[in-house]
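# Structure assessment
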Amino acid sequence: MLIECENLSVHFGKRIVLGDISFSINPKEILTILGPNGSGKTTLFKTIIGALQPSSGMLRKKPGLRIGYVPQRLHIDETLPMTVRRFMNLPGGHSPSAVADALTNAGVPELDKQQIMDLSGGQFQRVLLARALLGHPDLLLLDEATQGLDHRGSADFYRQIATVREKLGCAIVMISHELHVVMRQTDRVICINGRICCQGEPEIVSNSPEYQALFGLDEENEALYLHSNNRHTNVKQASYA
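As the structure is a computational prediction, the values presented were derived from the model and not from experiment. (Residues numbered from 1 in each chain as written. Predicted model: local features only at pLDDT ≥ 70, side-chain atom pairs only at ≥ 80, totals over all residues. Heavy atoms only, no water.)

With respect to topology, six strands assemble into an open sheet ordered S5-S6-S7-S3-S8-S9, the strand pairing being mixed. Single-partner strands in this sheet number two, and they are strand S5 (67–70) and strand S9 (196–200). Across the sheet, the mean angle separating the axes of adjacent strands is 15 degrees when strand polarity is ignored. Judged from the five bridges that link them, strand S6 (residues 139–143) and strand S7 (residues 171–176) form a sheet pairing that is parallel. Looking at the pairing, leucine 140 lines up with isoleucine 172 of S7. Contacts between helix H4 (residues 121–133) and the sheet are confined to S5 and S6, with S5 contributing the most and set at about 165 degrees to the helix. Sitting on the sheet, helix H5 (residues 151–168) touches strand S3 (30–34), S6 and S7, and the angle it makes with S7 is about 160 degrees. (Pairing = 2+ DSSP bridges. Helix = DSSP H or I, 4+ residues; strand = E, 2+ residues; numbered from the N terminus. Axes fitted to C-alpha atoms, helices over the stretch in contact; angles between N-to-C directions. Contact = heavy atoms within 4.5 Å.)

Right, let's talk about the side chain of aspartate 143 for a bit. With respect to the helices, strands and loops of the structure, aspartate 143 is situated in strand S6. The charged side chain of aspartate 143 is buried without a salt bridge, its nearest counter-charge being lysine 41 at 7.0 Å. Polar contacts involving the side chain of aspartate 143 include one to the side chain of threonine 42, which spans 3.2 Å. Ignoring sequence-local partners within four residues, the contact set of aspartate 143 consists of Thr42, Phe45, Tyr69, Val70, Pro71, Gln72 and Ile175. (Buried < 20%, exposed > 50% of the residue type's maximum accessible area, 1.4 Å probe, protein only. Lys, Arg positive; Asp, Glu negative; His and termini not counted. Salt bridge = Lys/Arg side-chain N within 4 Å of Asp/Glu carboxyl O. Polar contact = N/O pair within 3.5 Å; in protein donor to acceptor, adjacent residues only side chain to side chain.)

Attention shifts here to the pattern of salt bridges. In this structure the tally under the stated criterion is seven salt bridges. Here arginine 66 makes a salt bridge to aspartate 138, at a shortest N to O gap of 3.2 Å. Of this pair, arginine 66 sits in the loop between strand S4 (56–61) and S5 while aspartate 138 sits in the loop between H4 and S6, placing them 72 residues apart in sequence. For arginine 66, a relative accessible area of 41% translates into the label partly exposed. One salt bridge connects arginine 159 with aspartate 156, and the closest N-O pair in it is separated by 2.2 Å. Remark: aspartate 156 and arginine 159 occur in helix H5; sequence separation between them is three residues, near one turn of the helix. Judged by its relative accessible area of 26%, aspartate 156 falls in the partly exposed class.

Another aspect to go through is the side chain of serine 176. With respect to the secondary-structure elements, serine 176 resides in strand S7. Setting aside residues up to four positions removed in sequence, serine 176 forms contacts with Thr32, Ile33, Leu34, Gly35, Lys41, Glu144, Tyr158 and Val182.

Our next topic: helix H3 (residues 96–105). Here H3 has its buried residues at Val99, Ala102, Leu103 and Asn105. Down the axis of H3, the smallest arc covering the buried residues is 165 degrees, so these residues share one side. Contacts made by the buried residues of H3 are with helix H2 (84–88), H4 and H5. Phi turns positive, to about 85 degrees, at glycine 107, one or two residues after H3. (Arc of directions from axis to C-beta.)

Structural data, given as structure tokens:
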């Protein structure tokens, strides 16, 4: 296993943000962490990375584990003239071939000479993905990396993530709040809301009472929710694709 959490808890003062979290991350798998806003998803990522320390419990990492991270957002001064190639080389230098390979693996080899300020939201997220791939990670963490993208942009991004797994052999853990978007590209889902509510294969989780209660969905409302987010796909396909 790359990561193993056992009875992990994180407290902010007297407030328990995460409690009794136990799960593992296996090599080459795609795992999705689902939960509403404020459920502790980003806190869990920060703990895995090492930015936060557990209040109790155990977090074990494979020795020498290399982690790549794609943040939810990254603010850059839009008036700052900077090409993608220069951005990819911050703060330390990388060889031109390493930068080219990372951009290719992120699906945007043609963007190296583009100005950062001229990129679309989807293109910029691909560049952030490329930066995370520069270190040849064993584990890639994506914190709601498709936030702000439309449905098609999100679907394209997640397809690229599946290609990254196939080509590089790294494990991938994604934070999301849209199970219907990631279902095709994920092996396992963990639903959290301060604790683990349910976990398993995406089809099983989407039909579980815990998942439907967490997002305020019953079977009929779930179908309407999926349909409203994918008007060009029928409800049955969106729910079980």
